[in-house]
Amino acid sequence: MPDEAFVVQMKGITKVYPNGVAANQGVDFNLRKGEIHALMGENGAGKSTLMKMLFGLEQPTSGEIIVNGEKLELSSPSVAIAHGIGMVHQHFMLVPSLSVAENMVLGMVPRKSGIFIDRAKAIALTREYSEKFNLRVEPEARVMDIPVGMKQKVEILKALVRGAKILIMDEPTAVLTSQETVELFAELKHLKQQGYTIVFISHKLKEIMEITDRLTIMRNGRSMGVYNTKDVTKEDISRLMVGRDVVLSVQKDKAVPGDTVLRVRELEYMNEWHKKMLDKLSFDVRKGEILGIAGVEGNGQKELIDSLFGFNVPNSGTATVNGSSILGLNQQKIRALGVSLVPEDRMLYGIAAGASIEENMISDRCADKRYNHGPLFNMKAIHDETDHLIEEYTVLCKNRGQQVGMLSGGNIQKVVVAREFSNNPSLILADQPTRGIDVGATEFIRKKLVELSRSGIAVLLVSADLNEVMELSDSLIVMHNGRIAAYFDDTAGLTDDIMGEYMLGLRKQSPAEIRRACHD
Amino acid sequence: MLNFLKILATPEFFFSIIRISAPIIFATLAAIVVEKAGFANIGLEGLMMFSALSGSLVSFYAGSWFWGLLGALATGVLLSLVMGFFAFRLKTDIILVGIAMNMMGSGGTLFLCKVITNLTQGKAMASTTGLITKSLCIPNITLPLINKIPFLGAVLSGHNLLTYLAFLFCLLTSIMLYKTPLGLNICAVGENSNAAASVGVSVLKIKYIAIMFSGLMSGFGGAFMSMAYAQGWSQDMVSGRGFIALAAQAMGGGECLGGLLSSLVFGFAQALGIKFSAVGLDSNLASPIPYAVTIVGLVIFAMARRRKARKQHSAAALEKAEQ
Amino acid sequence: MTKKRQLRFTIIRSLVAILIGLLVATVLIFISATGNSLQARLSATQEALKQMLVGPLFRFSKKNGTVFEFKRLADILAAMIPTIFTGLSVCVMFSANQFNLGAEGGIMLGAFVSAMVAIYIPLPAGMHAVVAVLLGGLAVAIVMLLPALLKSRLNVSEMVCSLMLNYIIMYVIKFLMNTYLADKSKGQIQSYTFRESASIPPIVNNAVFSGAKLTWGFVIAIAAVVLCGLFMYRSRWGYAIRMIGINQGFAKYSGMKVGSVIVLSQLLGGFLAGAGGGIEMLSRYNCFSWSALPGYGWTGITIAILAGNNPWMVPLAAFFMAYLSKGCDLMATYAKVPAQLIGIVQGVIFLFFAADQFLFRYRQKLVVKSAQEEIEMAKARKGGEANA
């Protein structure tokens, strides 16, 4: 029986979320005992969903999961753990104020005299596993005091101590420094030698080539195939992973860029774990053009937008809009300088779900003279403005008083976009403007962005959607590891393959080529 | 002034600090444990009111303080379960649940007192002070040997059974939180409930346990009020101790020892107030002191927390720079 | 969900919550009813319920049957004055998600300050009351700066801080009364009487309606509701307060000054409570004699919850609470059921109003229905486009 070679088989897995999003469509996935298996794909490709189902956090709509030859209903993580499956989450599942040993034994605490925690035993257990797997941790230190690399080791040990034979690691190197990554790889190889099976979710080609035996590539909820790592080239992977299934094209005239609106120079930002997320970033966005930023998520795009909109303060560098510095200003002042933002997470920042469409439309302009009569709102002006925006942006709703939270994702995004596009901006920051919304709304928003840029507005478009960023952008930056890996002043002739190689760090332009992003 | 200090330097004064602090200690422990589990129970005041009433009534009908105490505890636990049901099952804001409990605890207890006494005694009474005799109160205990020590003996010996229990529970709660698996689970649920859930700890169960613990402690606090501090129940006799406990929890940094010390500070302030009136000064001048101390304490605590966070941040940055 | 459906849900939910509260009340009344037989107790219960539910507006007599009585209505309206103010105060603060519970102390301090102005500062009639009430409100607003600033600067819990302030306010007032301000010629602790110029005059002529007393304070309270409603729903500041309460991140991103608005909401809440205290004091009393917190602050919280933090609904909620309170008083007088029943009924209704998941399934059904309709609408529109 050939099946016996596999410790895990997932067959024909389909997952449709209640909101109608099909995250996985007929995915086949398997693991051989004692291998390190990479699961690759862009954000939204469905990797996490697939692994969540293997760990019992989600249940498949259809398809079957076979672990060690036994067909299982993985209804909760506890069931998965009982069958030897462990997961190391990207956001650590640790309790900061408890010690390493306490975190290790949480939920399975050794007792003495039947009542008390047997700390000595917990510490001994931690030491034992720590030595056995060569994962060095300090059992008595509090988790809040230890470095990120050690936290990750605690997470791995937590899974091992619960009897995991199959370890799912969700982007384990995303938070690690390069030394820590080297250490982790040595540890993973060690685990592999002892017969453990590891799923390694990552976008980083170099790492995958270095450490994995086989790899599964996912794109748009489907598997693009399983390969032996040594049989494929980086270029193959990049082509399989980054690519467009359907090329939607948006009609647009050639841009005639004017003066520089946003000027960013030498921008540097370190996050709270002191990892450098933006590394000497310099570029310009000019009037009348759309500058796209492509890149695999987590390469500094979020930090860039946050820095430009006052949500974090960069460590060094400058950013000006029409000559005025915007770094460290509050959102009110940034908006006053003519900057608009379509935020990445619309539910968190973009809207107040419990308020009406109208109330969401005017949040940035509520103090404007046009909408006020002395101390009171000019309700007629506000109604007119809202009705006008609802019509112009074809927001599908009963009336302007309807709660925004009750609308569909696409209509919610249209409300956000209507507000941000209509406040007379000189610069629009559009962060993943069409993520997770229906085709109609997507097309509408894209058209609108082009239209606005042609009317003389500068647009900075950040998108993980290659189709979007390549179709809409007049010029394009690829970000990798907090740096600009490439700048293209024209997207014509760019292929998915070339993009993929820059996005995954296989290629990098020369400093002189990158410097062209600044139009001094 | 010197004279006044002389009055303060008596064993009676220190004795009264301990006595007054006891119910606050119970309530503070209640506040500490729920806070560790990640939420706030601001209904302690109401829980204590109900427990105080039921303690004195059960004691009277059963003719034994012991049953009264059990009644108070059962009342506290049962009502805390109701709070838990609304907060966790019906997803009511826990703060609003607390407010509702306090609302009912104020007028509702008087209603129940009147109705119950009317049913059994034939006339509605606005307090149970007339029913409770000394023997129905929880007894005081003389500590052998210790009571022979000069000064200290008079301070430490002769307290109510519950006063000693308050201090004992401080220790026990601390042990429960830091030495038992249950405490570990409570801390884990409060700090990172996903982490707890991911290793199979039932978050809901732990939250119910925490709120029941707060009910139990409120039961002790209430019993102390009506069966030790005073003889019998009267309306609004808890007079803000449940709220003070919330502050003591915050001021004590959420730890048992800190909470104990903060409770004693309130006890001191209140004892001082009583002494003020004893020497003919207006007690209203001293009564607000514990509340003012609370606000000052909260501010100091918040500033310390902020400074500590800043320090950690810069220390980490330094460490990184050195690498 | 559409507005209409939302409204229907809100009304049904409110009625069910009130019904549950009354059901609890009925059970408690039955338990407390006196009577030897079941029959007697049932009829006693019925009598008590009648007093509680109908009594606040109607007088029962053997001769005339049930007669509407204006005095009773006037009493209820008068009782609404302080609670409308505390209700508004809590609405404003809770709307910004600020759990400041200082309305209780605020109304006492406002009453006290207004009383002092009414006694010690001679001013012409008409202006006197206005100044007194404004100063009362202002004093409380200043006191509320403390929890507000501590919250916005140091993230100190405004709830604990305001609770402590309630007690401090009460004791300091008691101290000042005992030591300096009491009229020593009186048997109990009370201030000197207010100057004639400071009192808020009655609207209705007392004698005509058998002692009914309703002052202009009620009109001011209704005016406050209107102003507050306009402020919350028709002004940029009120709008900012509400948006911060719904989603603080959204408010910040939209460019609102979150810290300042948080402070503003508590200042305004303080002012309303204080002004309410002043109006209550100057329309109902002729000297200051409160020796404990009056409880209006807590009623205000109930009212705000019943009103869903919407100032326009505050008079209705305040009327309900005043009606219930009056009903319980009457029940105590005529049916010998203790008036404090209201504490429990109020708590139960409050809980069910605040319970998010109460009647959750019913709500879910309505949401699904709306979603389906939306999809139909989208289809219809698409079809229309295709045809065109």
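What counts as what
Residues numbered from 1 in each chain as written. Chains lettered and ligands numbered in written order. Predicted model: local features only at pLDDT ≥ 70, side-chain atom pairs only at ≥ 80, totals over all residues. Core = buried A, V, L, I, M, F, W, Y, C linked by C-beta atoms within 7 Å. Buried ≥ 20, exposed ≤ 12 C-beta atoms within 10 Å, placed from the backbone. Helix = DSSP H or I, 4+ residues; strand = E, 2+ residues; numbered from the N terminus. Contact = placed C-beta atoms within 7 Å. Pairing = 2+ DSSP bridges. Axes fitted to C-alpha atoms, helices over the stretch in contact; angles between N-to-C directions. Domains from an automatic or database assignment. Nonpolar A, V, L, I, M, F, W, Y, C, P; charged D, E, K, R; others polar.

## Notes on the nonpolar core
Residues L54 and L461 of chain A together with F26 and A30 of chain B are the most contacted members of the largest nonpolar core, which totals 389 residues. Ranked by residue count, the leading element in this core is helix α3 (residues 70-95) of chain C, at 15 residues. The contact partners of F26 of chain B, leaving out residues within four places of it in the chain, are A166, F169, M217, F220, G221 and F224 of chain B.

## As for the sheet that holds strand β23 (residues 475-480) of chain A
All names here are of chain A. One open sheet accounts for six strands, arranged β18-β21-β22-β15-β23-β24; its pairing is mixed. Looking along the sheet, the strands with just one partner apiece sit at the ends: β18 (339-342) and β24 (483-488). With strand direction ignored, the average angle separating the axes of adjacent strands in the sheet is 20°. Contacts from helix α14 (residues 409-421) reach β18 and β21 (427-431) within the one sheet, and its direction differs from that of β18 by about 170°. Helix α17 (residues 496-503) rests against β15 (290-294), β23 and β24 of the sheet, and its axis sits at about 40° to β23.

## Quick word on the environment of D145 of chain A
Residues and elements named next belong to chain A. Looking at the secondary structure, you find D145 in the loop between α4 (119-132) and α5 (148-161). Owing to 14 C-beta atoms within 10 Å, D145 belongs among the partly exposed residues under this scheme. For D145 and S97, which are 48 residues apart along the polypeptide, the C-alpha to C-alpha distance reads 8.7 Å.

## Observations concerning the domain arrangement of chain C
Residues and elements named next belong to chain C. Taken as a whole, chain C is organised into domain 1 (1-61 + 324-388) and domain 2 (76-309). Look at where the C-alpha atoms of domain 1 and domain 2 centre, and you get two points 29 Å apart. Taken together, the contact pairs seven residues of domain 1 with five residues of domain 2. Elements with a minimum of two residues in the side of domain 1 that touches domain 2: α12 (314-335) and α13 (341-354). With four residues, the single largest contributor to the side of domain 1 that touches domain 2 is α13. Split by residue class, the side of domain 1 that touches domain 2 holds four nonpolar, two polar and one charged.

## Some thoughts on the interface of chain B and chain C
Facing 41 residues of chain B, the contacting portion of chain C comprises 40 residues. Mapped by element, the contributors of at least two residues to the side of chain B that touches chain C are α5 (94-121), α11 (241-251), α13 (283-286) and α14 (289-322) of chain B. Examining the composition of the side of chain B that touches chain C, we find that 15 residues originate from one element, α5 of chain B, more than from any other. Class assignment of the residues belonging to the side of chain B that touches chain C gives a composition of 27 nonpolar, nine polar and five charged.

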